[in-house]
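Chain residues, written in single-letter form:
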Amino acid sequence: MATTRIGTHINAPRSTVYRLLLDGDAVATWMMPDGIATEVHRFEPVEGGSFSITLTYDEAADPGETEPHYVAGTIRQKHDAYFGTFRSLIPDEQVVEVLEFVTEKPDMTGSQTVTFTLTDVDGGTHLEILHEEVPPGLGPAENEVGWQMALTKLAALAERGTTD
């Protein structure tokens, strides 16, 4: 299992960033890279609370496929899901989630821990993400790129109120 560590500076107070980490509607907006629609089914941001999220990819394909799949003349969409719990919440400082993909792919199974740590820096917030136990089916480089896209959207949302 791999580990991804990535951070970014956000020109917003820690309280704003923390709030966006625990707001299900906001998470649906910033968490996934472009090309993936997110539907939050359950989001209970309290210690021990759970979440359940479905992902729908604009282009159906397994990573590496170059052609979309067509069914009845339309692009078939691919769906994935994940669920988890909030292990620890320290207001304006840290969020720890334990999650697991819903999948039939053995190389994508198993619990993962994602820790978001917020610190004050240069009039804003430094947000560091530590993603532990990344399954072998999600390569470290691919995971880092996905997190970078999500962090860019989170920063825009925190700084300007929009992911654009």
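Note that the structure is predicted; figures quoted are calculated from it, not measured.

Caption draft 1: The arrangement of the nonpolar core in detail. Ranked by internal contacts, the top residues of the largest apolar core, which has 39 residues, are Trp30, Tyr82, Phe116, Leu127, Trp147 and Leu154. In terms of residues, this core owes the most to one element, helix H3 (residues 140-160), which gives 7 residues. Dropping the residues within four chain positions of it, Leu154 is found in contact with Ile10, Val17, Leu20, Leu21, Trp30 and Leu127.

Caption draft 2: Highlighting H3. For H3, with 21 residues, the first-to-last C-alpha span of 30 Å sits near the 30 Å given by 1.5 Å per residue. Listing the buried residues of H3 in full gives Asn143, Gly146, Trp147, Ala150, Leu151, Lys153, Leu154, Ala155, Ala156, Leu157 and Ala158. On the buried face of H3, the contacting elements are strand E1 (2-10), helix H1 (14-21), helix H2 (24-30), strand E8 (112-121) and strand E9 (124-134). Immediately beyond the C-terminal end of H3, within one or two residues, lies Gly161, with a positive phi of roughly 80°.

Caption draft 3: The pairing of strand E6 (residues 78-90), seen in detail. Pairing analysis gives 8 bridges linking strand E3 (residues 50-57) to E6, with the strands arranged antiparallel. Pairing of Thr54 across the sheet is with Ala81, part of E6. Pairing between E6 and strand E7 (residues 94-102): 9 bridges, direction antiparallel. Bridge assignment links Ala81 to a residue of E7, and that residue is Val102. The antiparallel pairing of E6 with E7 creates a hairpin that spans 3 residues between the two strands, and Asp92 there sits at a positive phi of about 65°.

Caption draft 4: Quick look at the environment of Leu22. Topologically, Leu22 is positioned in the loop between H1 and H2. When the C-alpha atoms of Leu22 and Val46 are compared, they prove to be 8.8 Å apart, with 24 residues separating the residues in sequence. Residues in contact with Leu22, not counting those within four places in the same chain, are Phe43, Pro45, Phe86, Leu89 and Val95.

Caption draft 5: Molecular detail of the pattern of salt bridges. With the rule as written, the count across this model stands at 3 salt bridges. Taking the shortest distance from any N to any O, the salt bridge between Glu128 and Arg5 comes out at 2.7 Å. With Glu128 in strand E9 and Arg5 in strand E1, the pair connects residues that are 123 residues apart, well separated along the chain. Residue Lys153 is joined to Asp34 by a salt bridge in which the shortest nitrogen-to-oxygen separation is 3.6 Å. Of this pair, Lys153 sits in helix H3 while Asp34 sits in the loop between H2 and strand E2 (36-43), and the two are 119 residues apart along the sequence. For Asp34, a relative accessible area of 63% gives the class exposed.

Caption draft 6: Quick peek at the environment of Thr119. Note that Thr119 resides in strand E8. Sequence separation between Thr119 and His9 is 110 residues, and the spatial gap between their C-alpha atoms is 9.6 Å. Setting aside chain neighbours within four positions, we find Thr119 in contact with Arg14, Gly124, Thr125 and His126.

Caption draft 7: Spatial organisation of the side chain of Thr113. Relative to the assigned elements, Thr113 resides in strand E8. Residues contacting Thr113, with those up to four places away along its chain left out, are Arg87, Val96, Glu97, Val98, Leu130, His131, Glu132 and Glu133.

Caption draft 8: Region of the structure containing unusual backbone geometry. Of note, the phi angle at Asp92 is positive, near 65°, even though the residue is not glycine. As for its position among the elements, Asp92 is in the loop between E6 and E7. Phi at Asp122 is positive, roughly 45°, even though this residue is not glycine. For Asp122, the position within the fold is in the loop between E8 and E9.

The rules behind each value
- Residues numbered from 1 in each chain as written.
- Predicted model: local features only at pLDDT ≥ 70, side-chain atom pairs only at ≥ 80, totals over all residues.
- Heavy atoms only, no water.
- Core = buried A, V, L, I, M, F, W, Y, C linked by side-chain atoms within 4.5 Å.
- Buried < 20%, exposed > 50% of the residue type's maximum accessible area, 1.4 Å probe, protein only.
- Helix = DSSP H or I, 4+ residues; strand = E, 2+ residues; numbered from the N terminus.
- Contact = heavy atoms within 4.5 Å.
- Expected span 1.5 Å × (residues − 1).
- Pairing = 2+ DSSP bridges.
- Salt bridge = Lys/Arg side-chain N within 4 Å of Asp/Glu carboxyl O.

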